[in-house]
Amino acid sequence: MQVAENTVVSFDYTLRDEEGTVLDSSEGREPLAYLHGHGNIVPGLEKAMAGHSAGDEFQVTVDPEEGYGPYREELVQNVPRDAFQGVDNLEPGMSFQAQSSAGPMIVTVKEIEGEEVTVDGNHALAGQPLDFSVAVTEVREATPEEKENGEIAG
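Residues numbered from 1 in each chain as written. Predicted model: local features only at pLDDT ≥ 70, side-chain atom pairs only at ≥ 80, totals over all residues. Heavy atoms only, no water.

## Some points on the nonpolar core
Reasoning step 1: Counting residues in hydrophobic clusters, the biggest one holds 20 residues, and the most contacted among them are F11, L45, M49, F132 and V134.
Reasoning step 2: Within the residue set of this core, elements represented by two or more residues are β1 (7-16), α1 (43-49), β4 (57-62) and β9 (130-141).
Reasoning step 3: No other element matches the five residues that β9 contributes to this core.
Reasoning step 4: Sequence-distant contacts of F132, that is, excluding residues within four places in its chain, are made with Y13, T14, L15, V42, L45, F58, Q59, V60 and V62. (Core = buried A, V, L, I, M, F, W, Y, C linked by side-chain atoms within 4.5 Å. Buried < 20%, exposed > 50% of the residue type's maximum accessible area, 1.4 Å probe, protein only. Helix = DSSP H or I, 4+ residues; strand = E, 2+ residues; numbered from the N terminus. Contact = heavy atoms within 4.5 Å.)

Next up, the structure:
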């Protein structure tokens, strides 16, 4: 069976940056499973998966526009330290959920200078090409429940 809309796909992967540094991998874990055609993985990888079958291995570079998007400077903002009430030890690298005009988003503290905190709402991999090595381990038809819910059961 080939990967197509409404199939459940399981795959092993290694994600590397442009320098070849491993950013994420399923090595030592269960393969990642998703419902194809429902936007459950980055769009560029989902497109590259189409037509493959169990046993296929391939590599694909996903451009930022088809990955986590371009890096958007407007998502970097300075906010007052008192916006983090209840956080005693605020440090760069910490992430928080914040409300924006587009709804909730995750922001990461980039810098703290006195009473001003610089936060970044971009995904950590925004603006970066994503180099995936993929091994498809299983492809099956989705159940009616999985199709209705837009995600795999369990």
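## Overview of the pattern of salt bridges
Reasoning step 1: In this structure the tally under the stated criterion is five salt bridges.
Reasoning step 2: Here E146 ties to R140 by a salt bridge, and the two come within 2.9 Å at their closest N and O atoms. (Salt bridge = Lys/Arg side-chain N within 4 Å of Asp/Glu carboxyl O.)

## A short note on the UniProt feature "domain: PPIase FKBP-type" (unreviewed entry) in the protein
Reasoning step 1: Taking the UniProt record as the reference, the feature "domain: PPIase FKBP-type" (unreviewed entry) is found at residues 6-83.
Reasoning step 2: A helix fraction of 9% and a strand fraction of 37% characterise residues 6-83, whose end C-alpha atoms lie 43 Å from each other. (UniProt positions renumbered as here; feature names shortened; annotations may be inferred.)

## Points about the side chain of D17
Reasoning step 1: Mapped onto the fold, D17 is located in the loop between β1 and β2 (22-25).
Reasoning step 2: For the buried D17, no salt bridge is present, and the opposite-charge side chain at shortest range is R16, 7.8 Å distant.
Reasoning step 3: Of the polar contacts made by the side chain of D17, one reaches the backbone nitrogen of E19; its length is 3.0 Å.
Reasoning step 4: The residues touching D17, leaving out its near neighbours within four places in the chain, are L23, Q128 and D131. (Lys, Arg positive; Asp, Glu negative; His and termini not counted. Polar contact = N/O pair within 3.5 Å; in protein donor to acceptor, adjacent residues only side chain to side chain.)

## Digging into the sheet that holds strand β5 (residues 76-80)
Reasoning step 1: The strand order across the open sheet formed by four strands is β5-β8-β7-β6, and the pairing between neighbours is antiparallel. Single-partner strands in this sheet number two, and they are β5 and β6 (95-100). Shown here is a sheet whose adjacent strand axes are inclined to one another by a mean of 45 degrees, direction ignored.
Reasoning step 2: For β6 and strand β7 (residues 103-113), the ladder comprises six bridges, and the chain directions are antiparallel. (Pairing = 2+ DSSP bridges. Axes fitted to C-alpha atoms, helices over the stretch in contact; angles between N-to-C directions.)

## Some words on the side chain of S25
Reasoning step 1: Topologically, S25 is positioned in strand β2.
Reasoning step 2: Under the relative-accessibility criterion, S25 is labelled buried at 17%.
Reasoning step 3: Among the polar contacts listed, one links the side chain of S25 to the side chain of T14, at a separation of 3.4 Å.
Reasoning step 4: S25 has contacts with Y13 and T14, leaving out every residue within four places of it along the chain.

## Focus: the packing of aromatic side chains
Reasoning step 1: Per the counting criterion, the structure on display carries three aromatic pairs.
Reasoning step 2: Residues F11 and Y13 carry aromatic rings whose centres are separated by 5.9 Å and whose planes lie at 55 degrees to one another, so their mutual orientation is tilted. Like Y13, F11 is buried.
Reasoning step 3: Between F11 and Y34, the ring centres sit 5.8 Å apart and the planes meet at 85 degrees, which makes this aromatic pair edge-to-face. (Phe/Tyr/Trp six-rings, centres within 6.5 Å; stacked < 30°, edge-to-face > 60°.)

## Remarks on the pairing of β7
Across a regular strand the side chains alternate sides, sitting on one face of the sheet and then on the other.
Reasoning step 1: Joining the antiparallel neighbours β6 and β7 is a turn of two residues.
Reasoning step 2: Taken together, β7 and the strand that follows it, strand β8 (residues 116-120), pair antiparallel across an intervening segment of two residues, in which G114 is found at a positive phi of about 65 degrees.

## Concerning the environment of P129
Reasoning step 1: Within the secondary structure layout, P129 lies in the loop between β8 and β9.
Reasoning step 2: Separated by 66 residues in sequence, P129 and D63 have C-alpha atoms that sit 4.7 Å apart.
Reasoning step 3: Residues within four places of P129 in sequence aside, it is in contact with R16, E18, T61, V62 and P64.

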